[in-house]
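Given next are the chains, with one letter for each unit.
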Amino acid sequence: MNTPHLGSTQGLSSEQAARQFALDGPNELPRPPRRTAWRIFLEVAREPMFQLLAAAVTVYGLLGDVAEAGVLLSFLVVIVSITLVQELRTERVLEALVDMTSPRALVWRDGTRQRLAGTALVLGDLIELTEGDRVPADAVLLQANDLAVDESLLSGESLPVVKRLAPASDATTTAPAVVVYAGTMVVAGQAIAQVSATGGRSEIGRLGAVLGGIPAEPTPLHGQTRQLVRWVSGLGLVVSLVVGLLYAWTRGDWLGGTLAGITMAMSLLPQEFLLILTVFMAMGARRLSQHRVLTRRAATIEALGAATVLCTDKTGTLTQNRMAIEALVLFKPDGPVTWTPCGPHLDAEFQALLRWGVLASEQDPFDPMERAFHQLAKTHLAPKPAHWRLVHEYGLSSQWPMMTHVWQVDSTPHHLAAAKGAPEVVVRLCQLSEEAQAQVLKQASALADQGMRVLALASADGLGNDWPATQQDFTFRLMGLVALADPIRENVPRAVEECRRAGIRVVMITGDHPGTALAIARQAGIDGQASWLRGDEVAVLDDAALQRRVATTTVFARVPPQQKLRIVRALQAHGEVVAMTGDGVNDAPSLKAAHIGIAMGGRGTDVAREAASLVLLDDDFASLVQAVRLGRRIYDNLRKAMRFVFAVHVPIAGLTLLPMLLGWPLLFSPMHIAFLEIVIDPVCAIVFEAEDEEADVMARPPRAPSAPLFSVAMVIQSLLQGGLVLLLVAGFYGILLHLGVADKAASAATFVALVLSNIALILANRSRAGGWRHTFHPGNPALWWMLLLIALLLVLVMAVPPLRHLYGFEVPGLALLASAWGVGVLALVLLMVQKRLLRSKANAA
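So, how was this worked out
- Residues numbered from 1 in each chain as written.
- Predicted model: local features only at pLDDT ≥ 70, side-chain atom pairs only at ≥ 80, totals over all residues.
- Heavy atoms only, no water.
- Buried < 20%, exposed > 50% of the residue type's maximum accessible area, 1.4 Å probe, protein only.
- Helix = DSSP H or I, 4+ residues; strand = E, 2+ residues; numbered from the N terminus.
- Pairing = 2+ DSSP bridges.
- Phe/Tyr/Trp six-rings, centres within 6.5 Å; stacked < 30°, edge-to-face > 60°.
- Axes fitted to C-alpha atoms, helices over the stretch in contact; angles between N-to-C directions.
- Contact = heavy atoms within 4.5 Å.
- Core = buried A, V, L, I, M, F, W, Y, C linked by side-chain atoms within 4.5 Å.
- Arc of directions from axis to C-beta.
- Parallel < 35°, antiparallel > 145°, perpendicular 65-115°, else oblique.
- Nonpolar A, V, L, I, M, F, W, Y, C, P; charged D, E, K, R; others polar.

Undergrad: Give a detailed account of the pairing of strand 14 (residues 414-421), specifying residues and quantitative values.
TA: Across the eight residues that make up strand 14, a large majority, seven, are buried. Bridge count between strand 13 (residues 402-408) and strand 14: seven bridges; the pairing is antiparallel. Bridged to Met402 within strand 14 is Gly421. Where strand 14 meets strand 15 (residues 453-463), eight bridges bridge the pair, whose relative direction is antiparallel. Bridge pairing links Leu416 to Asp461 in strand 15.

Written out as structure tokens, the structure is:
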């Protein structure tokens, strides 16, 4: 589209825009109410753990133990504060991600074209619209070229609405305004428009639609976790009720029985699970965004570690998307003649060929190929005559991969048509002999085999404004070929090799010539020579045959966007977990169908970005591979946290129940459980989330997509870990009581032993399969800060007399403390031995 000449300013100035923004505010529709600290607190207050602690505070108050009630209330405040901090942090991350997903707008400010967030638009801004854009605000059309808009969001009508500027009836009247509406989608053509309404004042704002935000859909992991939490919570409440009744019946103390039941319930309820999931998914999305990968759906993070096939485009993903013309080819009676940049200056014939390429391109282009035409023309051609006017455009289509521009010459009825497109299509329209067609296609193939993208140029002319309905109806003349090179990204071969080691197959799907595709595949390290398919070959295969071919095919060439959906479905039917990249309007169905749809953030359309679950902000294939690596790391750390939660609740629950069954002095009250909860929640949500990736994270095959998070093997391993700690600590407590150690000293030493054993559980679960070196690896600062905090809290409880009295402790002697430390060290040694044995058994199986 031509640069707009709509006044001397070509859009608002920055000062005007700032003043208007101050008046109208951001261009955004109403969002769902933000989760404030108060709302999060109300949600926390409905959690069973909160209610149990509140009940314990009430019971202590009824017993007259004001000090115990006050300390327990302070613990309640600390636990709620930790939850609030984590949830608010998650909320801020999600809000930042929502802001990043807002539509972008191409705006004229200060006479220059700028790409801005849609929220920055103000009344009076000049915006450019092109195919695939979501209209960012209500706007009045000033220029339009074959514009069609999908308004189904507003009207429910599925057919696109053609937008044409009506001419004024005479010189004294003004043509009626033609409006495009915020939220609608441009499906064809281009336009320049002036913003007439923003935010809630737009048509869709008045209808009360809410477009912003990422929908909070329950993911498979959330479903599994909620089911487990319900099951364990139900069992825990039944056991707690039995324990409370048993205590009250055997000891005749009903308030004490209530406290015993509350303590048992607090030790069993796995309320950490859902918090872990929420924090891990939000922080995982934040980590991905730091690597230029935007997560639009939380379920994608779960799927990343299971991806078995990465389907990628060539241009801009594997390559740098920096096109340069490498050759111009003319066909003369004695054969083809080629010009290259290192050759002599362009003669008149080659200049004419380049001129037709410029005329067939957008005059202010974004496409790298079209920019290459203009770049070369700057140094070799005189400017285009100002009185030439672009009057019509024919766009690309899947059936006819070519485009044509119609130009009116001077003020005469004479017009010229300039076309560029795939050589095999253009030569068919140029009425060449079979021998001439074969010569052109042979030359195109030779250039494509060198990794270059090849376009054919053609021209036509005519009289009047009654041009054909389709570009195929022009009588074209072949002008020549243009070969463009797009260098491969330096990091792509390494990323492809990393995928291969990780058991992930990389498949290239491109609309380019097979020679170009295979040459780039060779450079990238993708083995495409053994098996590749053309789009026309895909078209004739039935679904069963295509399913067989996709199992071994790694390069698909000359594939129109509509066939990408068939390829994705065939891969899925073959049992693959498919990640698919795309950038155009027609890529949206395949992005939606793929397990992981990945849109290009730089060159992608709004349609593609909204259909995708991930957006590569830098369009780099290596960023996609990094996202897979991070996805695997997040899932690994999630399993570590879940395994720790399972394991740590076993000794806590066991040491609550065993003294009651064996007639020992009770070891725990709600205050002790509250102390342990302060340790558990941050460890799960912060420490394990921050753990480094496993050494073999990209050296093992993808996990099965049907594999549950809470596998039987994981639960058994966790129970064995927790059971081992329970035996050690309970045995230690029993020995102390047998040796006649005072109850309060024995309780204090046992509590220290339990905390140290829980630290041993943390260290043992830092690595999935690593040994001692990984256990004490210093790479996670959050862990060491958390261990320091735990040590300080433990010292406070033991050293401050009022706190020590409230917990029912007395300072244990050095021998008892040394014994407690010994229990913790022994627990770590046995846990590491146990992990090694289980790993050896698994490897042997």
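Undergrad: Let's hear about the environment of Trp785: which residues, and what values?
TA: When you line up the elements, Trp785 lands in helix 27 (residues 781-799). For Trp785, a relative accessible area of 62% gives the class exposed. For the pair Trp785 and Val687, spaced 98 residues apart in sequence, the C-alpha separation works out to 9.4 Å.

Undergrad: Go over the packing of aromatic side chains, please, and point to the residues and values.
TA: Tallied over the entire structure, the rule returns nine aromatic pairs. Taken together, a centroid distance of 6.2 Å and an interplanar angle of 10° make the contact between Trp772 and Phe776 stacked. In this structure Trp772 comes out as partly exposed when scored by relative accessible area, which is 42%. For the pair Tyr807 and Phe809, a centre-to-centre distance of 5.8 Å together with 20° between the ring planes defines the contact as stacked.

Undergrad: Now, about the sheet that holds strand 13: what can you tell me, with residues and values included?
TA: If you trace the seven strands from one edge of the open sheet to the other, you get 11-10-16-15-14-13-12, paired in antiparallel fashion. With partners counted over all chains shown, the strands left at the sheet margins are strand 11 (335-339) and strand 12 (389-394), one partner each. Geometrically, the sheet is characterised by an average inter-axis angle of 25° between neighbouring strands, direction not taken into account. Across the sheet, helix 11 (residues 348-359) lies against strand 10 (324-332), strand 11, strand 13, strand 14, strand 15 and strand 16 (477-485), angled at about 120° from strand 10, the strand it touches most.

Undergrad: I'd like a description of the nonpolar core, backed by residues and values.
TA: Counting 115 residues, the largest nonpolar core has Leu310, Ile526, Phe621, Met642 and Phe668 as the members making the most contacts within it. Apart from the residues lying within four places of it in its own chain, the contact partners of Leu310 are Cys499, Ile504, Arg505, Val506, Val507, Ala579, Phe621, Leu624, Val625 and Val628. Val329, Tyr394, Ala422 and Ala456 belong to the second-largest nonpolar core, a separate cluster that totals 29 residues.

Undergrad: Tell me what's going on with helix 15 (residues 492-501), and back it up with residues and numbers.
TA: Val492, Ala495, Val496, Glu498 and Cys499 are the residues of helix 15 that are buried. Viewed along the axis of helix 15, the buried residues span an arc of 155°, placing them on a single side of the element. Looking at the packing, one finds that the buried side of helix 15 touches strand 9 (309-312), strand 17 (505-509), helix 16 (514-524) and helix 22 (621-662). Looking one or two residues beyond helix 15, the residue adopting positive phi is Gly503, at roughly 75°.

Undergrad: Explain unusual backbone geometry residue by residue, including any values.
TA: With a phi angle near 65°, Arg292 is a residue other than glycine that sits in the positive phi range. Looking at where Arg292 falls in the secondary structure, it is placed in the loop between helix 9 (272-290) and strand 8 (293-295).

Undergrad: Residue-level account of the sheet that holds strand 19 (residues 555-557), with values.
TA: Here eight strands make up an open sheet; going across it, the order is 8-22-21-20-9-17-19-18 and the pairing mixed. Every interior strand has two partners, whereas the edge strands, strand 8 and strand 18 (532-534), have only one. Taking each pair of neighbouring strands and ignoring which way they run, the sheet shows an average axis angle of 20°. Alignment of strand 8 against strand 22 (residues 614-616), held across three bridges, turns out to be antiparallel. Residue Thr295 lies in a different strand from strand 22, and its bridge partner there is Leu614. The strands touched by helix 22 are strand 8, strand 9, strand 17, strand 20 (578-582), strand 21 (596-600) and strand 22; relative to strand 9, the strand with the most contacts, the crossing angle is about 160°.

Undergrad: Pulling in residues and values, what's your account of the packing of helix 25 (residues 743-764) against helix 27?
TA: As a packed pair, helix 25 and helix 27 sit with axes 12 Å apart at the nearest point and diverge in direction by 175°. Here helix 25 lies roughly antiparallel to helix 27, going by the angle between them. Contact residues: Ala748, Phe751, Val752, Val755, Ile759, Ile762 and Leu763 in helix 25; Leu783, Leu787, Ile790, Leu794 and Met798 in helix 27. Partitioning the contact of helix 25 with helix 27 into residue classes produces 12 nonpolar, no polar and no charged.

Undergrad: Now, about the side chain of Asn765: what can you tell me, with residues and values included?
TA: Structurally, Asn765 is set in the loop between helix 25 and helix 26 (772-775). According to the relative accessible area criterion, Asn765 is buried, its value standing at 1%. Leave out the neighbours within four places in its chain, and Asn765 touches Lys640, Arg643, Phe644, Phe688 and Gln721.

Undergrad: How would you sum up the pairing of strand 13? Please name residues and give values.
TA: Counting buried positions over the seven residues of strand 13 gives seven, a clear majority of the element. Side chains of strand 13 alternate between two faces, with Met402, Thr404, Val406 and Gln408 and Met403, His405 and Trp407 buried alike. Sheet topology places strand 12 next to strand 13; five bridges connect them, and they run antiparallel. Across the sheet, residue Glu393 finds its bridge partner in strand 13, namely His405.

No statement about biological role is implied by the geometric values presented.
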